[in-house]
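# Fold and contact review
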Amino acid sequence: MPHIDQPSELLRNIKLKMDKAASLARRDDDIHLIAISKTREVEEIRPLLQAGHRIFGENRVQEAESKWPDLRTEFRDVKLHMVGQLQSNKAAQAVRLFDAIHSLDRVSLVKALAKEMKQQGRYIPCFLQVNIGEESQKGGCEIGNIADLLEKSKASGIPVAGLMCVPPTGVSPTPYFALLSQLAKTHGLRGLSMGMSGDFETAIKLGATHVRVGTALFGARD
Ligand SMILES: *Cc1c(COP(=O)(O)O)cnc(C)c1O
């Protein structure tokens, strides 16, 4: 049989790389690894749970709802993060299902989420997603709108954890991570959700508190 990396091995490997990047950056704060399980079947996810991992990320409400309720009865301390674009009409489901949202990017969504948080008495931390490369096709608020979005979120009672970005592909992410980090400081926010399979070490060097890793844990997506 060919050698196949076990999920537990891949997990350990990523964590070692994270620790090394953190230590090179002289950081001793907690850096959270979010295993991005979008498109993965329950049976692909289970081995990571069995290896002790508990923080996962999905990008579709419906897909998350079909996969996670069962897994959660088995692994009760799972934390589920929403990392994909969120429609306002899915706010109720999202607030019920997720423990954090990384894609708060517009005032209409602030209103929808705030209403649901109040209704459900469940105030989950949100990251403001920033369109850091000013790409027309990408989600995220404009850099110039962060202050307004932050103020409206706070005024509505939404706990804002920090900023999130997905930098442009095909170029170095370094200046974008550095800019997001600077923007978080400017706005007095501590959380930085940045870095994926190809660049989480760079992100950690530049201050990431949450890295979102999919393919490096689960293999290539179809
Ligand atoms: C898919 C996805 C990731 C994970 O990407 P990989 O390259 O597979 O690690 C991270 N963040 C977001 C927002 C994603 O959609």
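It should be noted that the structure appears before, not after, this text.
This text gives an overview of the structure that appears in the document. (Residues numbered from 1 in each chain as written. Predicted model: local features only at pLDDT ≥ 70, side-chain atom pairs only at ≥ 80, totals over all residues. Heavy atoms only, no water.)

### Describing the pattern of salt bridges
Applied cut-off: Salt bridges are counted wherever a side-chain nitrogen of Lys or Arg sits within 4 Å of a carboxyl oxygen of Asp or Glu. Strands here mean DSSP runs of E at least two residues long; helices mean DSSP runs of H or I at least four residues long; both are numbered from the N terminus. Categorising residues by exposure relies on relative accessible area from a 1.4 Å probe, with only protein chains included: less than 20% of the type maximum marks a residue as buried, more than 50% marks it as exposed, and the intermediate range marks it as partly exposed.
Counted according to the given criterion, the structure contains 11 salt bridges. Between E74 and R46 there is a salt bridge, with its nearest N and O atoms 2.5 Å apart. With E74 in helix α3 (residues 61-74) and R46 in helix α2 (residues 42-50), this pair connects stretches of sequence that are 28 residues apart. When its relative accessible area of 45% is taken as the criterion, E74 is described as partly exposed. We classify R46 as buried; its relative accessible area is 19%. A salt bridge links E63 to K67; the nearest nitrogen and oxygen atoms lie 2.8 Å apart. Taken together, the residues E63 and K67, both in helix α3 and four residues apart, mark about one turn of the helix. With a relative accessible area of 7%, K67 lands in the buried category. Sharing partners across several salt bridges, the network here consists of E43, R46 and E74.

### Things to note about helix α1 (residues 7-24)
As a reminder, the rule being used: Take the residue count of a helix, subtract one, and multiply by 1.5 Å to get its expected span. Read the arc as the range of directions from the helix axis to the C-beta atoms. Any pair of residues with heavy atoms lying within 4.5 Å of one another is described as a contacting pair.
The end-to-end C-alpha distance of α1 is 26 Å, a good match for the 26 Å that 18 residues give at a rise of 1.5 Å each. Of all the positions in α1, only L11, I14, M18, A21 and A22 are classed as buried. For α1, the buried positions fall inside an angular range of 100 degrees around the axis, keeping them on one side. For α1, the exposed residues set more than 90 degrees away from the buried face come down to R12, L16, D19, K20, S23 and L24. Contacts from the buried residues of α1 go to β1 (32-36), α2, α8 (200-205), β8 (210-213) and α9 (215-218). Phi for R26, located one or two positions after α1, is positive at around 55 degrees.

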